[in-house]
Amino acid sequence: MTKENNTLYCYIKLFPKWIAYVVLAAGIAGAFVIPVTSIAFYIWIGLCGLFIAKTLTQETPKEPVIALTETGVQLDNKQFYPYKEIEKVMAFSTKRLRFRTINFKLYLKQGAPVEFNVDNLNVKPQYLLDVINEKIR
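Now for a quick tour of the structure. The structure displayed is predicted, hence computed values, not measured ones. (Residues numbered from 1 in each chain as written. Predicted model: local features only at pLDDT ≥ 70, side-chain atom pairs only at ≥ 80, totals over all residues. Heavy atoms only, no water.)

1. A look at the pairing of strand β7 (residues 99-108)
Piece 1. In this sheet, β7 lies alongside strand β6 (residues 86-96) in antiparallel orientation, the contact comprising 10 bridges. When the bridges of β7 are listed, Met 90 appears paired with Lys 105.
Piece 2. If you look at the hairpin formed by β6 and β7, you'll find two residues sitting between the two strands, and Leu 97 has a positive phi there, around 55°.
Piece 3. Pairing of β7 with strand β8 (residues 114-117) involves four bridges; the strand directions are antiparallel. Bridging from a neighbouring strand, Leu 106 pairs with Val 114 of β8.
Piece 4. Linking β7 to β8, which pair antiparallel, is a turn of five residues; within it Gly 111 sits at a positive phi near 115°. (Pairing = 2+ DSSP bridges. Helix = DSSP H or I, 4+ residues; strand = E, 2+ residues; numbered from the N terminus.)

And the structure:
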């Protein structure tokens, strides 16, 4: 989350670096349990190494997923919705497999509602909802 000129930029949340250490510990523990002659040993070591490398070399995204400006909401697909065209915004939860995801739906005064996901962002969904509701009043 960064604020510049009263604009709130929301980026995708990165994996925390400490997860790499947990995977390293699990990889070492698994290496002692799985026999070296098994192909599962090499698959295990490869997957753990790949996950650790991916976690430690991840880059911060350059483009925000959502930008809340003074005049409207900018989504990552480059769609801009001015606050004066938004009638209301609602948050709802859906279940995908075993996990719940949080989506927002912008109800426009003219046109179809716009739905977007706010789960994996560096800003809490409740804060986003409060900011948008404050701006559309």
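2. Concerning the packing of aromatic side chains
Piece 1. Counted according to the given criterion, the structure contains three aromatic pairs.
Piece 2. Taken together, a centroid distance of 5.9 Å and an interplanar angle of 70° make the contact between Phe 104 and Phe 116 edge-to-face. Separated by 12 residues along the polypeptide, Phe 104 in strand β7 and Phe 116 in strand β8 bring together distant segments of the chain.
Piece 3. The buried category is assigned to Phe 116, whose relative accessible area is 10%.
Piece 4. Note that Lys 88 overlies the ring of Tyr 107, its terminal NZ or CZ placed 5.2 Å from the centroid. (Phe/Tyr/Trp six-rings, centres within 6.5 Å; stacked < 30°, edge-to-face > 60°. Buried < 20%, exposed > 50% of the residue type's maximum accessible area, 1.4 Å probe, protein only. Lys NZ or Arg CZ within 6 Å of the ring centre and 35° of its normal.)

3. Observations concerning helix α1 (residues 18-33)
Piece 1. Across its 16 residues, α1 extends 23 Å between first and last C-alpha, which sits within 8% of the 22 Å expected from 1.5 Å per residue.
Piece 2. Turning to α1, its buried residues number three or more, namely Ile 19, Ala 20, Val 23, Gly 27 and Gly 30. Here the buried residues of α1 occupy an arc of 95° about the axis, which is enough to place them on one side. Turned more than 90 degrees from where α1 packs its buried face, Trp 18, Tyr 21 and Phe 32 sit exposed.
Piece 3. Those residues of α1 hidden inside the fold are in contact with α2 (39-56). (Expected span 1.5 Å × (residues − 1). Arc of directions from axis to C-beta. Contact = heavy atoms within 4.5 Å.)

4. So, the pattern of salt bridges
Piece 1. Enumeration over the complete set of coordinates arrives at two salt bridges.
Piece 2. In this structure, Lys 78 engages Glu 63 in a salt bridge whose closest nitrogen and oxygen atoms are separated by 3.3 Å. Of this pair, Lys 78 sits in the loop between β4 (72-75) and β5 (80-82) while Glu 63 sits in the loop between α2 and β3 (66-68), and the two are 15 residues apart along the sequence.
Piece 3. For Lys 78, a relative accessible area of 57% gives the class exposed.
Piece 4. Looking at Glu 63, the relative accessible area reads 53%, which means it is exposed.
Piece 5. A salt bridge links Lys 135 to Glu 70; the shortest N-O distance between them is 3.2 Å. Within this pair, whereas Lys 135 is found in helix α3 (residues 125-136), its partner Glu 70 is found in the loop between β3 and β4, the two being separated by 65 residues in sequence.
Piece 6. Assessed through its relative accessible area of 42%, Glu 70 is described here as partly exposed. (Salt bridge = Lys/Arg side-chain N within 4 Å of Asp/Glu carboxyl O.)

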